[in-house]
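Examination of the molecular architecture
Each chain, written out:
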Amino acid sequence: MPDGLHVALVMDGNGRWAERRGLPRVTGHRAGAAAARRVVEAAPHCGIGVLSLYAFSADNWRRPPGEVSALFRLLGTFLRREVLRAEMEGVRVNVVGRRDRLPAALRHAIDDAERRTRGGGRLLLRLAVDYSARDAIRRAAACCAGDEAPTREAFAAALAAVDHAEPAPPVDLLVRAGGEQRLSDFLLWESAYAELLFLDTPWPDFGATDLAQAVEAYRRRERRFGGAGRPAAVALRPALTVTRRTG
Ligand code: FPP
């Protein structure tokens, strides 16, 4: 298990980034994949040992089929390219989520990436694909049925197992790009004590500096895990008006 923080990223705002430029949404996702590459490269330099990227939620199946298949193609390309760098740079790839609904070509790319990068010890790169935290919790609970009071550790292990997740520490910092302030069913159990950071920057514009600044902001927070201490650090920005949109 690599040393360092576990940072989870919700890569939101690709569609709006593209639409503002009069471009198809898929172009936004392509720019988003380039941003993902930048943060993978930067992560070890920011003290990050585990990076979890929310690439495709179980609710994203509601998108038009053309957008869904474009996202899967991008993910396959990303994995095939990433594996070459990952092998050299000590990055271990792990895809978290359901696999039974994914296209065969993507499943093969996942298996290949995980097998070839198994030895990586510098960064654990987790891509959440066809992922739903609530669904994973429900499936883990079903696995633990009969065990009246599983320990937190036992439950966490069951949760990891249902989604092919390798052992990873809880999330320290969860960052959402793109201006919305919600969790969208991402790593709900694992983020129980995560620090949350919501940024206006659309994901395609996200880069190494944004990641470094997010980690700096995290380091200024005081984590008490329910214990007593000084009042929490000041909020980084005022709350926005809330409108609801799934995803
Ligand atoms: C949310 O933006 C983003 C997604 C649903 C997919 C994220 C995918 C990528 C960044 C590209 C593929 C990923 C990798 C790692 C290769 P949105 O479409 O909801 O944007 P919007 O809120 O502006 O519509």
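Our subject in this report is the structure included herewith. Worth saying up front: this structure is predicted, and the values here are computed from it rather than measured.

**Here's the deal with the site of the ligand**
The local shell around the ligand holds 19 residues, among which Asp12, Gly15, Arg16, Arg25 and Arg63 are the closest. Measuring from an oxygen atom of the ligand, one finds a backbone N or O atom of Gly13 at 3.4 Å. Between the ligand and Arg16, the relevant distance is 2.7 Å, taken from an oxygen atom to a main-chain nitrogen or oxygen of the residue. Considered on its own, the ligand offers 620 Å² of accessible surface; in the complex 96% of this is hidden by protein. Top contributing element to the shell around the ligand by residue count: helix α2 (residues 25-42), with five residues.

**Description of the environment of Ala177**
If you trace the backbone, Ala177 turns up in the loop between β5 (173-176) and β6 (195-198). A relative accessible area of 1% places Ala177 in the buried class. Separated by 17 residues in sequence, Ala177 and Ala194 have C-alpha atoms that sit 16 Å apart. Discounting residues that sit within four places of it in the chain, Ala177 has contacts with Val10, Asp12, Leu199, Thr201, Pro202, Trp203 and Phe206.

**Quick look at helix α7 (residues 208-220)**
End to end, α7 covers 19 Å across 13 residues, agreeing with the expected 18 Å (1.5 Å per residue, within 8%). Looking at α7, one finds that the buried residues are Asp210, Leu211, Ala214, Val215, Ala217 and Tyr218. For α7, the buried positions fall inside an angular range of 155° around the axis, keeping them on one side. Facing away from the buried side of α7 by over 90 degrees, the exposed positions are Thr209, Arg219 and Arg220. Tucked inside the fold, the buried residues of α7 contact β1 (5-10), α2, β2 (48-57), β5 and β6.

**Overview of empty space enclosed by the protein**
In the structure shown here, the tally under the stated rule is one cavity of 30 Å³ or more. Taken as a whole, the largest cavity holds about 30 Å³ of empty space. Around the largest cavity, the lining residues are Ser52, Val96, Arg126, Leu127, Ala128, Tyr131, Phe186 and Leu187. Top element by residues in the lining of the largest cavity is strand β4 (residues 123-131). It accounts for four residues. Grouping the amino acids of the lining of the largest cavity by side-chain chemistry returns six nonpolar, one polar and one charged.

**Some points on the packing of aromatic side chains**
One pass over the full model with this rule turns up nine aromatic pairs. Judged by centre distance (4.1 Å) and plane angle (5°), the rings of Tyr54 and Phe186 are stacked. Placement of the pair is Tyr54 in strand β2 and Phe186 in the loop between β5 and β6, with a sequence separation of 132 residues. Judged by its relative accessible area of 9%, Tyr54 falls in the buried class. Seen in terms of ring centroids, Phe56 and Trp61 are 5.4 Å apart; in terms of plane orientation they differ by 85°. Their pairing is edge-to-face.

**Re the environment of Arg63**
Inspection of the secondary structure assignment puts Arg63 in the loop between β2 and α3 (65-89). For Arg63, a relative accessible area of 25% puts it in the partly exposed group. Separated by 133 residues in sequence, Arg63 and Leu196 place their C-alpha atoms 27 Å apart. Arg63 has contacts with Arg25, His29 and Val68, leaving out every residue within four places of it along the chain.

Cut-off values and rules
- Residues numbered from 1 in each chain as written.
- Predicted model: local features only at pLDDT ≥ 70, side-chain atom pairs only at ≥ 80, totals over all residues.
- Heavy atoms only, no water.
- Near = heavy atom within 4 Å.
- Polar contact = N/O pair within 3.5 Å; in protein donor to acceptor, adjacent residues only side chain to side chain.
- Areas by Shrake-Rupley, 256 points an atom, 1.4 Å probe, with all protein chains shown as cover.
- Helix = DSSP H or I, 4+ residues; strand = E, 2+ residues; numbered from the N terminus.
- Buried < 20%, exposed > 50% of the residue type's maximum accessible area, 1.4 Å probe, protein only.
- Contact = heavy atoms within 4.5 Å.
- Expected span 1.5 Å × (residues − 1).
- Arc of directions from axis to C-beta.
- 1 Å grid on protein atoms, 1.4 Å probe; cavity = no way out; pocket = protein on both sides within 12 Å on 5 of 7 lines; lining within 4 Å.
- Points joined across faces, edges and corners; volume = space filled by probe spheres on them.
- Nonpolar A, V, L, I, M, F, W, Y, C, P; charged D, E, K, R; others polar.
- Phe/Tyr/Trp six-rings, centres within 6.5 Å; stacked < 30°, edge-to-face > 60°.

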